[in-house]
Amino acid sequence: MSPQSPLLLLLCVSLLPHLFPALPFEQRGFWDFAMDNFDSSDITMMMRDEEEGSAIEEIPAPGPSMCPFGCQCRLRVVQCSDLGLTEVPKNIPSDTKFLDLQNNRIRELKEDDFKGLTHLYGLSLRNNQISKVHPRTFAPLKQMQKLYFSKNLLTTIPKNLPTSLVELRIHENRIKKVAAGAFSGLTNMNCIEMGANPIHNSGFEPGAFKGLKLNYLRVSEAKLTGVPKDLPESLTELHLDHNQIQAVELEDLKRYKHLYRLGLGFNHIRNMEKGSLSYLTMLRELHLDNNRLSKVPRGLPEMKFLQVVYLHSNHIDQVGIDDFCPRGFGMKRTFYNGISLFGNPVNYWEVQPATFRCVSDRLAIQFGNYKK
């Protein structure tokens, strides 16, 4: 391949849509609540009743007595954000589905704060100053599925979370320890976002995630020095970016055989032990960017479904002809549609074209832009 060849210098952002590690969920409006587990027909029906009226039952428009002072109440959504509240307001309508309390100054959740809200589906407490939660605060919330608790002052996981909970966002608190049984009874839980907490590997007690069948877990921007070994086996997405992980050892990933996306970007990884990736037979996407790797990790050619590999901003100075693709035919079931190698001291013109024989399009390969 000649130095003048432009083929490997082209950036194809459209073919590599997730160039950077997954970011923490950032709720900007209350309707950002994902309603994947909520019957959308309920919302449609509520909107129809609000706008056209119902032939079966008349739902009166919320009056002042039905809505806390300063809040807005419509379609069973109560928005009380950005009001400078120091406590949960009273007189919240009992049929409320969504309650927005983000961006206030609430410091404590008391026992009766949510009394009577048996229909509540989603609760946002993001960006308050909450450090204390009464053990029975969530007792009335028998149907709640989504709880957004990010950007508070919690030091532990709140006790007695609703057993109906599906999604917990507790990013950016002060949690240093996850005790055994912290999520006990939460058999419906699917997603936990708990990045940006000062938690070390030792902060996860044995059995901390016992009983959970999570699909998504994010523990980024923490104090981890290795891949945690006692996370739920059911995980399909695991994000551990922006930690202090220095190596991936042989059996670190043995437990997580169902992963299709693994985020290890922005760590201090110098070595991926041979065979450490062999357990991830279903993996589609691997983030290893912004680490200290000096070579392409071994085992990529044997990963039959791997489609996207991020290796940019490492110390890789050479790429072998068999680093990505297996020899022969019929071994790899899916072609790569994205390989990023920019920001490495590798001379792209020294890489053999056959190195990328199992890539769907040469435009999907990213080289160049290396600065010493």
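A. The arrangement of the environment of P206 in detail. Among the structural elements, P206 can be located in the loop between β9 (191-193) and β10 (216-218). Between the C-alpha atoms of P206 and K229, which are 23 residues apart in sequence, the distance is 9.4 Å.

B. Quick look at the side chain of S164. Considering the arrangement of structural elements, one finds S164 in the loop between β7 (146-148) and β8 (167-169). What S164 contacts, discounting residues up to four positions off in sequence, is L141, K142, Q143, M144, Q145 and N188.

C. Broad picture of unusual backbone geometry. Although it is not a glycine, N103 sits at a positive phi angle of roughly 60°. By relative accessible area, which is 23% here, N103 ends up partly exposed. Unlike most non-glycine residues, N160 shows phi in positive territory, near 55°. Structurally, N160 can be placed in the loop between β7 and β8.

D. Looking closely at the side chain of N267. The residue N267 is located in the loop between β13 (261-263) and β14 (271-272) in this model. Its relative accessible area of 4% is what places N267 among the buried residues. A polar contact of 3.2 Å, which involves the side chain of N267, links it to the backbone nitrogen of N243. A polar side-chain atom of N267 sits 3.3 Å from the main-chain amide nitrogen of Q244.

E. Molecular detail of the packing of aromatic side chains. Summed over the entire model, instances satisfying the criterion amount to 10 aromatic pairs. With a centroid separation of 5.8 Å and an interplanar angle of 35°, the aromatic rings of F324 and F356 are classed as tilted. Remark: F356 occurs in the loop between β17 (338-340) and β18 (365-366) and F324 occurs in the loop between β16 (308-310) and β17; sequence separation between them is 32 residues. Considering the side-chain rings of Y348 and F367, the 6.5 Å spacing of their centres and the 40° angle between planes classify their relative orientation as tilted. With a gap of 19 residues between them, Y348 in the loop between β17 and β18 and F367 in the segment after β18 connect regions that are remote in the sequence. Y348 sits in the buried class, given a relative accessible area of 10%. Lying across the ring of Y336, K332 places its NZ or CZ 4.3 Å from the centre.

F. Here's a closer look at the environment of P93. Within the secondary structure layout, P93 lies in the loop between β2 (77-79) and β3 (98-100). A residue is classified by how much of its surface remains accessible, and P93, at 13% relative accessible area, is buried. C-alpha separation for the pair P93 and R76, spaced 17 residues apart in sequence, amounts to 8.0 Å. Once you skip the residues sitting within four places of it in the chain, P93 turns out to touch M66, P68, C73, V78 and L117.

G. Geometry of the state of the cysteines. Applying the stated criterion to the full structure yields three disulfides. In this model C67 forms its disulfide with C73; the gap between the sulfur atoms is 2.0 Å. Torsion about the S-S bond of the C67 and C73 cystine: about 85°, corresponding to right-handed handedness. Across the pair, exposure class does not vary: C67 and C73 are buried alike. Here C325 engages in a disulfide with C358; their sulfurs sit 2.0 Å apart. Handedness here is read from the sign of the S-S torsion; for C325 and C358, about -90°, the answer is left-handed. Note that C325 is positioned in the loop between β16 and β17 and C358 in the loop between β17 and β18, a separation of 33 residues in sequence. Just as C325 is buried, C358 falls in that class too.

H. Representation of the environment of P68 in the model. Examined against the element boundaries, P68 turns out to sit in the loop between α1 (40-52) and β1 (72-74). Between the C-alpha atom of P68 and that of I92, which follows or precedes it by 24 residues, the distance is 6.1 Å. Contact partners of P68, with chain neighbours within four places excluded, come to C73, V78, P89, K90, N91, I92 and P93.

I. Broad picture of the pattern of salt bridges. Within the structure shown, the criterion is met by 15 salt bridges. Taking the shortest distance from any N to any O, the salt bridge between K146 and E167 comes out at 2.6 Å. One end of the pair, K146, is in strand β7; the other, E167, is in strand β8, and 21 residues separate them in sequence. Overall, the relative accessible area of 1% leaves K146 in the buried class. Across the pair R218 and E221 runs a salt bridge whose closest N-O atoms are separated by 3.5 Å. Each member of the salt-bridge network shares a partner with another, and the members are E193, R218, E221 and D241.

J. Examining the confidence of the model for the chain more closely. Here the chain averages 86 in pLDDT, and 81% of its residues register 70 or above. Low pLDDT, under 50, characterises residues 1-18; the stretch is placed with 37 contacts to residues that sit more than four places away or in other chains. Taken as a whole, residues 33-65 scores under 50 in pLDDT and shows 36 contacts with residues more than four places along the chain or in a different chain.

Conventions adopted
Residues numbered from 1 in each chain as written. Predicted model: local features only at pLDDT ≥ 70, side-chain atom pairs only at ≥ 80, totals over all residues. Heavy atoms only, no water. Helix = DSSP H or I, 4+ residues; strand = E, 2+ residues; numbered from the N terminus. Contact = heavy atoms within 4.5 Å. Buried < 20%, exposed > 50% of the residue type's maximum accessible area, 1.4 Å probe, protein only. Polar contact = N/O pair within 3.5 Å; in protein donor to acceptor, adjacent residues only side chain to side chain. Phe/Tyr/Trp six-rings, centres within 6.5 Å; stacked < 30°, edge-to-face > 60°. Lys NZ or Arg CZ within 6 Å of the ring centre and 35° of its normal. Disulfide = S-S within 2.5 Å. Salt bridge = Lys/Arg side-chain N within 4 Å of Asp/Glu carboxyl O. pLDDT = per-residue confidence, 0-100.

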